[in-house]
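Commentary on secondary and tertiary structure
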Number of protein chains: 4
Amino acid sequence: MAKVLVTFYSRTGNTKTLAEMFAEALKEEGLEVTLKEIEKVKIEELLEYDGIAIGSPTYYGSMATEVKRLVDESIKLFGQLDGKVGFAFTTAGGHGSGGETTLLSILEAMLIHGMIIQGDPSDLHYGLIIKGKPTERDKEVIKRKAKRMADLIKRLKSKS
Amino acid sequence: MAKVLVTFYSRTGNTKTLAEMFAEALKEEGLEVTLKEIEKVKIEELLEYDGIAIGSPTYYGSMATEVKRLVDESIKLFGQLDGKVGFAFTTAGGHGSGGETTLLSILEAMLIHGMIIQGDPSDLHYGLIIKGKPTERDKEVIKRKAKRMADLIKRLKSKS
Amino acid sequence: MAKVLVTFYSRTGNTKTLAEMFAEALKEEGLEVTLKEIEKVKIEELLEYDGIAIGSPTYYGSMATEVKRLVDESIKLFGQLDGKVGFAFTTAGGHGSGGETTLLSILEAMLIHGMIIQGDPSDLHYGLIIKGKPTERDKEVIKRKAKRMADLIKRLKSKS
Amino acid sequence: MAKVLVTFYSRTGNTKTLAEMFAEALKEEGLEVTLKEIEKVKIEELLEYDGIAIGSPTYYGSMATEVKRLVDESIKLFGQLDGKVGFAFTTAGGHGSGGETTLLSILEAMLIHGMIIQGDPSDLHYGLIIKGKPTERDKEVIKRKAKRMADLIKRLKSKS
């Protein structure tokens, strides 16, 4: 079964809630999901997964310090995350408050590792941006994103 | 008196409405404002202004073709827009639909001309992003952005 | 056999040369490659390919007008490019002159279509950036990029 | 006299050398310059300066963890850095290796604080990107960037 890590940093709990909902939706797609605070992720552990989803609050237009720490440390795995599937999610104060650039800061790091990402023709093209605390009404979009990530992992996994 | 160009491309009329509201708000700040569809701007005309505000709908995460055409043509003015004040505005389908990256595509072009830009600690940090057609409830944020652009132009103008 | 479109805009011929070298390298990977100036691409034609590589000179930090025109027109294919593989290449004046943001402007458009992109842990992480006219010494990196794009298309194709 | 902070994170010493050269060039422009490792900057201290230049190595396409820590902590100064001049510099492994996106990650944070930034029509439009250790041959571009930052601060300072 394909394995995915959903890891996040959260101070207020908003990004944690989003991570939990996203992890749950991935499980419903039949993936083996590990949900873990980013401070608890051991760098070598990243090698085990077929896909990695990283969540951060939107702080000054890019991923939070705690998230960047794992990213910077991942230089130890240079070349070894090549070909894994990546996904980014964030919670932001609002519209135009840096959510898109935060997602891109995560996606750019993933690309620099040689990871594979996919956008979405429906809204929230670059990944999940949720305003404040995710609620029931966000479930549909979270589910759609999880399905898309799962489908991509399965397509790649079946053959690699 | 400081002179500003507000130029825009609009197909549905949403960005046009935003441009009109922004131009009006700049006038209230005491600036001499020229409001013009981007197809009607003559490239040399850009030299006359102390500030240039460019508006585009959000199309695939960056400025619309019609806007890029003026930007590409502005190579003729290489080095001559250096030190002018820039501002970007867009209308987008929604949250996370590429509005931030559209603003940045315009701001990056302005930086490449040596132009001066300022963010905003309140929301919509990179410039104006309005969902769909601007309405009365958007007036306050448009007014604040216009005041910030006008203040920067005046600060720079008084001495240059 | 997997089919790829390599399309480009070029005024000085630099991006054209790069497109030709990239197309040639893709053929060596066993793909069926169509090489075409972007002005000659019919929008519906995009549906035929498993992968699309788009090249543009670096003009003011984002894709050239002629490239953006095709991108904007591709709204007609809303949702239909979902799952295709994308790749971006550019020729730039030099280091730090907007090559990265130009690639990202293309990649962001691809993500907004739901396309799949992969980075590279070796240099030129986001895609190909060549300074001026590509030469023999650029062949190795072009070959590596072509192989990576071809491998991804084959992995996805084998199963989809 | 206008005051500027040049702060940086450096592990290999490359960014430190660049920071020293940039600070020296700012002094030659008549500014009062404080040069300080980013770990030693007290957040309230940022209020004292008219301009802030931030340097980071290029790590995975955005500012290093140690730099992001100061940026995230600066939320304490919400609204109080509004109108200060910002500048970004980085040292990168090479061409297309994330230098531009690293500069933009810093500039975006500055914009979110309401800071003022200026590009450059000559090369290295978004700020300084130096490949590896800066050398004598980089002095000219460093000097030009310092002069531009100093000129902007003086223009704004004279009147504010």
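Residue positions are given per chain, counting from 1 as you read along its sequence in written order. By the order in which they are written, chains take letters starting at A while ligands take numbers starting at 1. Only residues with pLDDT of at least 70 are given local features in this predicted model, and only at 80 or more are side-chain atom pairs given and counted; all residues enter the totals for whole chains, interfaces and linings. Water and hydrogen atoms play no part in the side-chain values, which are based on all heavy atoms of the structure.

**Some details on the interface of chain C and chain A**
A contact between two residues is defined here by any heavy atoms of the two lying within 4.5 Å. Every contact between the two is made by 27 residues of chain C and, on the other side, 27 residues of chain A. Computed with a 1.4 Å rolling probe, the buried area is the accessible surface lost when two parts are put together, summed over both parts. Counting the surface lost from both chain C and chain A, the interface buries some 2,400 Å², and carbon and sulfur atoms represent 63% of this. Here, a salt bridge means any Lys or Arg side-chain nitrogen found within 4 Å of an Asp or Glu carboxyl oxygen. For the pair chain C and chain A, the number of links is 2 salt bridges. A salt bridge links R148(C) to D82(A); its shortest N-O distance comes to 2.6 Å. Throughout this description, a polar contact denotes any pair of N or O atoms lying within 3.5 Å of each other; where both atoms belong to protein, one of them has to be capable of donating a hydrogen while the other can accept it, and for residues adjacent in sequence the pair is counted only when both atoms sit in side chains. Taken together, chain C and chain A are joined by 11 residue pairs in polar contact (both at pLDDT 80 or more). Secondary-structure elements contributing two or more residues to the side of chain C that touches chain A are α3 (99-112), β5 (116-118) and α4 (139-157) of chain C. Secondary structure elements are defined from DSSP: runs of H or I of at least 4 residues count as helices, runs of E of at least 2 residues count as strands, and each element is numbered from the N terminus. With 5 residues, α3(C) is the single largest residue contributor to the side of chain C that touches chain A. Residue classes in the side of chain C that touches chain A are distributed as 12 nonpolar, 9 polar and 6 charged. Bridge count for strand β5 (residues 116-118) of chain A against β5(C) is 3 bridges, and the pairing is antiparallel. Under the convention adopted here, Pro, Cys and the residues Ala, Val, Leu, Ile, Met, Phe, Trp and Tyr are nonpolar, Asp, Glu, Lys and Arg are charged, and Gly plus all remaining residues are polar. When DSSP finds two or more bridges between a pair of strands, those strands are recorded as paired.

**What to know about the side chain of E45(B)**
Residues and elements named next belong to chain B. Within the secondary structure layout, E45 lies in the loop between β2 (32-37) and β3 (51-57). Only protein chains enter the accessibility calculation, which uses a 1.4 Å probe; a residue is then buried when its area is under 20% of its type maximum, exposed when over 50%, and partly exposed in between. Among the residues examined, E45 registers a relative accessible area of 9% and is labelled buried. Within the structure, the side chain of E45 is placed 2.8 Å from the side chain of Y49, a separation counted as a polar contact. With residues up to four places along the chain from it excluded, the contact list for E45 reads L5, T34, K36 and K40.

**Focus: the interface of chain A and chain B**
Each side of the interface is counted separately: chain A has 15 residues, and chain B has 15 residues. In total, chain A and chain B occlude about 1,300 Å² of area from one another, counting both sides; carbon and sulfur atoms represent 54% of this. If you sort the residues of chain A by the area they bury against chain B, H95(A), G96(A) and E100(A) come out on top, with a joint share of 48%. Summed over the shared surface of chain A and chain B, the result is 0 salt bridges. Between chain A and chain B we count 11 residue pairs in polar contact (both at pLDDT 80 or more) in total. At the level of secondary structure, the elements contributing two or more residues to the side of chain A that touches chain B comprise α3 (99-112) and β6 (128-131) of chain A. In terms of residue count, α3(A) provides more of the side of chain A that touches chain B than any other element does, 4 residues in total. Split into classes, the residues belonging to the side of chain A that touches chain B amount to 4 nonpolar, 9 polar and 2 charged.

**A short note on the relation of the copies chain A and chain B**
In this comparison the copies share one frame, found by least squares on the C-alpha atoms of residues holding pLDDT of at least 70 in both. The two copies are related by a screw motion: chain A maps onto chain B through a turn of 180 degrees and a shift of 0.0 Å along the axis, at an RMSD of 0.0 Å. With respect to symmetry, the two chain copies, as superposed, fit the operation of a two-fold axis. For chain A, the minimum C-alpha distance to the rotation axis belongs to H95(A) and amounts to 2.8 Å. Comparing interface residues between copies, 100% of those in chain A also sit at the interface in chain B, which points to an isologous, same-surface contact.

**Considerations on the pattern of salt bridges**
Applying the stated criterion across every chain yields a total of 56 salt bridges over all chains. Across the pair D120(C) and R144(C) runs a salt bridge whose closest N-O atoms are separated by 2.9 Å. Here the residue D120(C) occupies a position in the loop between β5 and β6 (128-131), and R144(C) occupies one in helix α4, the gap between them amounting to 24 residues. What makes R144(C) partly exposed here is its relative accessible area of 27%. Here D123(D) makes a salt bridge to R144(D), at a shortest N to O gap of 3.3 Å. Remark: R144(D) occurs in helix α4 (residues 139-157) and D123(D) occurs in the loop between β5 (116-118) and β6 (128-131); sequence separation between them is 21 residues. Where salt bridges share partners, they join D82(A), D120(C), D123(C), R144(C), K145(C) and R148(C) into one cluster.

**Points about the packing of helix α1 (residues 14-28) of chain C against α4(C)**
Residues and elements named next belong to chain C. The interhelical angle for the contact between α1 and α4, taken along N-to-C directions, is 55 degrees, at an axis separation of 8 Å. As the angle between them shows, α1 and α4 are arranged oblique. The handedness of the crossing between α1 and α4 comes out as right-handed. Here L18, M21, F22, A25, L26 and E28 of α1 come into contact with α4, specifically with K139, I142, K143, K145, A146, M149 and A150. Counted by class, the contact of α1 with α4 contains 9 nonpolar, no polar and 4 charged residues. Convention adopted: a line fitted to C-alpha atoms gives each axis, helices being fitted over their contacting stretch, and angles between N-to-C directions are expressed from 0 to 180 degrees. Any angle between 65 and 115 degrees counts as roughly perpendicular, while under 35 counts as roughly parallel, over 145 as roughly antiparallel, and the rest as oblique. The hand of a helix crossing depends on one turn: near helix anticlockwise from the far one by less than a right angle means left-handed, and clockwise means right-handed.

**Remarks on the relation of the copies chain C and chain A**
Mapping chain C onto chain A calls for a screw motion: a turn of 180 degrees about the axis and a shift of 0.0 Å along it, with 0.0 Å RMSD after fitting. When the interface residues of chain C are mapped onto chain A, 100% of them are again interface residues, pointing to one common binding face.

**Points about the confidence of the model for chain A**
One number per residue, pLDDT, summarises how confident the predictor is, and it ranges from 0 to 100. Of all residues in chain A, 99% have pLDDT values of 70 or greater, and the mean over the chain is 96. For this predicted complex, the interface confidence reaches an ipTM of 0.97, while the overall pTM sits at 0.98.

**A short note on the environment of T135(C)**
Residue and element names in this part refer to chain C. With respect to the secondary-structure elements, T135 resides in the loop between β6 and α4. Given a relative accessible area of 32%, T135 falls into the partly exposed group. Considering only alpha carbons, one finds T135 and L77, 58 residues apart in sequence, at a separation of 36 Å.

**Description of helix α1 (residues 14-28) of chain D**
Residue and element names in this part refer to chain D. For α1, spanning 15 residues, the distance from its first C-alpha to its last is 21 Å, which sits close to the expected 21 Å at 1.5 Å a residue. Within α1 the residues assigned to the buried category are N14, T15, T17, L18, A19, M21, F22, A23, A25 and L26. Tucked into the core, α1 has its buried residues touching β1 (3-8), β2 (32-37), β3 (51-57), β4 (85-92), β6 and α4. Trailing α1 by a residue or two, G30 shows a phi angle of about 90 degrees, which is positive. Here a helix's expected span is defined as the number of its residues, less one, multiplied by 1.5 Å.

**Digging into unusual backbone geometry**
All names here are of chain C. Phi at Y60 is positive, roughly 55 degrees, even though this residue is not glycine. On the secondary structure map, Y60 appears in the loop between β3 (51-57) and α2 (65-73). Located in the positive-phi region is L124, a residue other than glycine, with phi close to 55 degrees. When you line up the elements, L124 lands in the loop between β5 and β6.

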